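Summary of structural features
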Amino acid sequence: MQARNTIGTPFTPPLIRFVSDKKYRWLRHTLFVLLGLILAFKGDIGVPIQERSAEVTRTVLMVDTVSFIFILSMLYLMMLVLIPRLLFRSKMLLFGISLFLVISAIYFGVYLLDLYFLRPADPGSMQHIELSVVHFIQIGAVSAVLLGSVIGLKVFKKWINDMQRMNELHQTNLKTELEQLKSQVNPHFLFNTLNNLLVLTQTDVGKATQVLLGLSDLLRYQLYDSAREKILLSKDIAFIQNVLDLEKIRKNDFVFTIHTEGDIDGQNLPPFLFIPFVENAIKHGASSSGHSYLTLHFRCTDKRLHFTAENSKPLIKKDMVGGLGLGNIKRRLQLLYPNDHDLQIKDISDKYTVDLILPL
């Protein structure tokens, strides 16, 4: 069987945390600044300072600084305005046009800085930018790589945030559905017990009093213990014992046995996993007249719980409204133990069996 998927917060890889978490925002912006510095000052890397005069050096540093500020502003224009308002809103044509305009602005900005500042300061020794298609492609390619990295990072971050929101919504929906399914068990059982009590008040007042006392214990369990995410398996078995004791008060010719095997006392499971099968056996399996039986077996071994239930079936079948409990518990098992539980239900001529295996 596959590993169990629990409902909770999944592990987040470091790269995804770096891209999505707000506490790393300063580091991400620092990387953007470094990228802008590399692009702005790339022409000065490896050039000996003594090959330039002091005036040329000052002019180059001034031009590089202005280029850095200009390129960084283009990066943040893309990151804060154009990508969220155009790309993320599926305005692809406008975004493509704006991307071309940003690349063109970088090219013409660098060209104008070179034309009005670098050329007058050093007209001969430096390689200058020309107003040509070749230089436009060269600068545009470098700018496209830098802008593409910004776009890719923003798209990746949005995808991560969307997936996290979808996962949180999914987890919330699962928890809500589980609570709804669990809450449907309580009125369903209470409805059955009140029906039994109604019959006894007309036939045996003494037994009706015992049922009321037992019902108060059961309701106490439902109000307090079942509200927890997990409870001791031994408490759930004691709850089932009380339910069957109440049923036996109502019907004398009803025999039930509960067998336990292994470390039952130390196990914790979600509440009300087994009572729907017991309710189904009582409501649909036990005949209103004649002998009927129910046998339950809980076995803990190899970090798994093996639960079996077997009950008799009436000779004369009656049409009954019900089935809500079994539908609920099947859905709960799918949510609590996806791909990690095994439920087999057999309905043959004289008996009804349930075989359930759960991880511990």
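Use the structure listed above.
Below: a short report on this structure. (Residues numbered from 1 in each chain as written. Predicted model: local features only at pLDDT ≥ 70, side-chain atom pairs only at ≥ 80, totals over all residues. Heavy atoms only, no water.)

1. Topic: helix α4 (residues 92-121)
Counted only if it meets this: Helix and strand definitions here come from DSSP, where helices need a minimum of 4 consecutive H or I residues and strands a minimum of 2 consecutive E residues; each element is numbered from the N-terminal end. For a helix, the expected span equals 1.5 Å multiplied by the number of residues minus one. Bend, in this description, refers to the angle at a residue between axes fitted to the seven residues ending there and the seven starting there.
End to end, α4 covers 43 Å across 30 residues, agreeing with the expected 44 Å (1.5 Å per residue, within 8%). Taking the largest bend as the criterion, α4 deviates by roughly 40 degrees, centred on Asp114.

2. So, helix α3 (residues 54-85)
Here α3 contains 32 residues, and its C-alpha end-to-end distance of 45 Å stays within 8% of the 46 Å for a straight helix at 1.5 Å per residue. Of all the bends in α3, the largest measures some 40 degrees and sits at Met78.

3. Comments concerning a nonpolar patch on the surface
Cut-off, in case you're wondering: Patch rule: a residue counts if its relative accessible area is over 30% and it has no salt bridge; like charges are joined within 9 Å, and nonpolar side chains (Val, Leu, Ile, Met, Phe, Trp, Tyr) within 5 Å. Only the protein chains shown count as cover for residues, and all accessible areas are computed by the Shrake-Rupley method using a 1.4 Å probe. For this document, the term salt bridge refers to a Lys or Arg side-chain nitrogen within 4 Å of an Asp or Glu carboxyl oxygen. Buried means the residue's accessible area, taken with a 1.4 Å probe over protein chains only, is under 20% of the maximum for its type, while exposed means over 50%, and partly exposed covers the values in between.
A contiguous nonpolar surface patch, about 450 Å² in accessible area, is contributed by Met62, Val66, Leu112, Tyr116 and Phe117. Secondary-structure elements contributing two or more residues to the nonpolar patch are α3 and α4. The leading source of residues in the nonpolar patch is α4, at three residues. Here Tyr116 is to be found in helix α4. Classification of Tyr116 by relative accessible area gives exposed; the value is 57%.

4. Comments concerning the sheet that holds strand β5 (residues 304-312)
Applicable threshold: Any two strands between which DSSP finds at least two bridges are classified as paired. Orientation is described by axes fitted as lines to C-alpha atoms, over the contacting stretch for helices, and by angles from 0 to 180 degrees between their N-to-C directions.
Taken together, the five strands give an open sheet; going across it, the order is β2-β4-β5-β7-β6, and neighbouring strands pair in mixed fashion. The outermost strands of the open sheet, each flanked by one partner alone, are β2 (254-261) and β6 (342-347). Adjacent strand axes in the sheet meet at a mean angle of 5 degrees when their direction is disregarded.

5. Some remarks on the pattern of salt bridges
All told, the structure shown has four salt bridges when counted by the stated rule. Note that Asp340 is salt-bridged to Arg304, the shortest N-O span being 3.2 Å. With Asp340 in the loop between α9 (324-336) and β6 and Arg304 in strand β5, this pair connects stretches of sequence that are 36 residues apart. A residue is classified by how much of its surface remains accessible, and Asp340, at 6% relative accessible area, is buried. In this structure Arg304 comes out as partly exposed when scored by relative accessible area, which is 25%. Where Lys313 meets Asp347, a salt bridge forms, and the shortest distance between an N and an O atom there is 2.5 Å. One end of the pair, Lys313, is in the loop between β5 and α9; the other, Asp347, is in strand β6, and 34 residues separate them in sequence.

6. Examining unusual backbone geometry
Here the phi dihedral of Ser90 falls at roughly 65 degrees; this positive angle occurs in a residue that is not glycine. Tracing the sequence through the fold places Ser90 in the loop between α3 and α4. When its relative accessible area of 58% is taken as the criterion, Ser90 is described as exposed.

Shape descriptors only; they carry no functional weight alone.
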